[in-house]
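Now for the letters of each chain:
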Amino acid sequence: MRIMASVEECRAALARLVDQFDEIDEADRAKHVVERTVSCRVSDLDVTFYGRLTHGGLDPFAEMPPPDGKPADVKLTIASDDLIALVDGELDLARALLGGRVKVDASFGDLLRLRRLI
C-alpha cells in the first residue's frame, strides 16, 4: 500500500474534480451552487490548492492564493490518498467527514450544498 500520493497526483485529481463539476446538470448547479472560494489543504504534503466555485462550474485549482488575500469561504483539509479516493468515487464524503478523514471549515449551508455536488 502506498504511503501518500504526490503533489502531481493531487493536482491531477483536482483537475478531474473540475471536469466532474462541468458534467453536473446546469439546473442542479443553479439550484445548489453559491459562488464561493475554496481551498484544499493536502495535509501530508503540506500544500494548499485554491479554486473558485461559480454557477458556471469549478475553476481550475492553483497553488497560488487569491490576490485579495482573503481566506477561502470553504476550506477542506485532507490527506493526499484520501483526496484521490474521494475524487475517484472510492471514498464517500459523508463517511470521510464522520471518520475524520476530511475536515471542512464552512457554513452548514455550504456543507450541505457541497455534499449534494460531490
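Below: a short report on this structure.

Procedures and definitions
- Residues numbered from 1 in each chain as written.
- Predicted model: local features only at pLDDT ≥ 70, side-chain atom pairs only at ≥ 80, totals over all residues.
- Heavy atoms only, no water.
- Helix = DSSP H or I, 4+ residues; strand = E, 2+ residues; numbered from the N terminus.
- Contact = heavy atoms within 4.5 Å.
- Areas by Shrake-Rupley, 256 points an atom, 1.4 Å probe, with all protein chains shown as cover.
- Lys, Arg positive; Asp, Glu negative; His and termini not counted.
- Charge placed at Lys NZ, Arg CZ, Asp CG, Glu CD.
- Pairing = 2+ DSSP bridges.
- Expected span 1.5 Å × (residues − 1).
- Buried < 20%, exposed > 50% of the residue type's maximum accessible area, 1.4 Å probe, protein only.
- Arc of directions from axis to C-beta.
- Axes fitted to C-alpha atoms, helices over the stretch in contact; angles between N-to-C directions.
- Parallel < 35°, antiparallel > 145°, perpendicular 65-115°, else oblique.
- Left-handed = near helix turned anticlockwise from the far one by under 90°.
- Nonpolar A, V, L, I, M, F, W, Y, C, P; charged D, E, K, R; others polar.

## As for the overall build of the chain
Right, so step 1: Summing up its helical and strand segments, the chain has five helices and five strands in all.
Right, so step 2: When the helices and strands of the chain are listed from N to C terminus, the series reads α-α-β-β-β-β-α-α-β-α.
Right, so step 3: Long-range pairs, those at least 24 residues apart, make up 62% of the contacts in the chain with a sequence separation of at least 6.
Right, so step 4: In the form shown here, the chain has an accessible surface area of approximately 7,000 Å², with 53% of it arising from carbon and sulfur atoms.
Right, so step 5: Taking the 16 positively charged and 22 negatively charged side chains of the chain as two groups, their mean positions are separated by 6 Å.

## So, the pairing of strand E2 (residues 47-54)
Right, so step 1: In terms of strand pairing, strand E1 (residues 36-42) meets E2 through seven bridges, oriented antiparallel. Directly across from Arg36, in E2, lies its bridge partner Leu53.
Right, so step 2: Between E1 and E2, which follow one another and run antiparallel, lie four residues, and Asp46 among them has a positive phi close to 55°.
Right, so step 3: Pairing between E2 and strand E3 (residues 57-58): two bridges, direction antiparallel.

## A look at helix H1 (residues 7-22)
Right, so step 1: Here H1 is 16 residues long and its end C-alpha atoms lie 23 Å apart, about the 22 Å a rise of 1.5 Å per residue gives.
Right, so step 2: Within H1, the full set of buried residues consists of Cys10, Ala13, Leu14, Leu17, Val18 and Phe21. Down the axis of H1, the smallest arc covering the buried residues is 150°, so these residues share one side.

## Thoughts on the side chain of Ser39
Right, so step 1: Note on placement: Ser39 falls in strand E1.
Right, so step 2: We classify Ser39 as buried; its relative accessible area is 8%.
Right, so step 3: Non-local contacts of Ser39, meaning those with residues more than four positions away in its chain, are made with Thr48, Phe49, Tyr50, Ala72, Val74, Lys75 and Leu76.

## Some remarks on the packing of H1 against helix H3 (residues 80-87)
Right, so step 1: Between H1 and H3, whose axes approach to 9 Å, the crossing angle comes to 25°. One element, H1, and the other, H3, form an angle in the roughly parallel class. Two packed elements cross with a definite hand, and for H1 against H3 that hand is left-handed. Every residue of H3 that contacts H1 at Glu9, Cys10, Ala13, Leu14, Arg16, Leu17 and Gln20 is listed here: Ser80, Leu83, Ile84 and Val87.
Right, so step 2: Here the contact of H1 with H3 is built from residues that sort into seven nonpolar, two polar and two charged.

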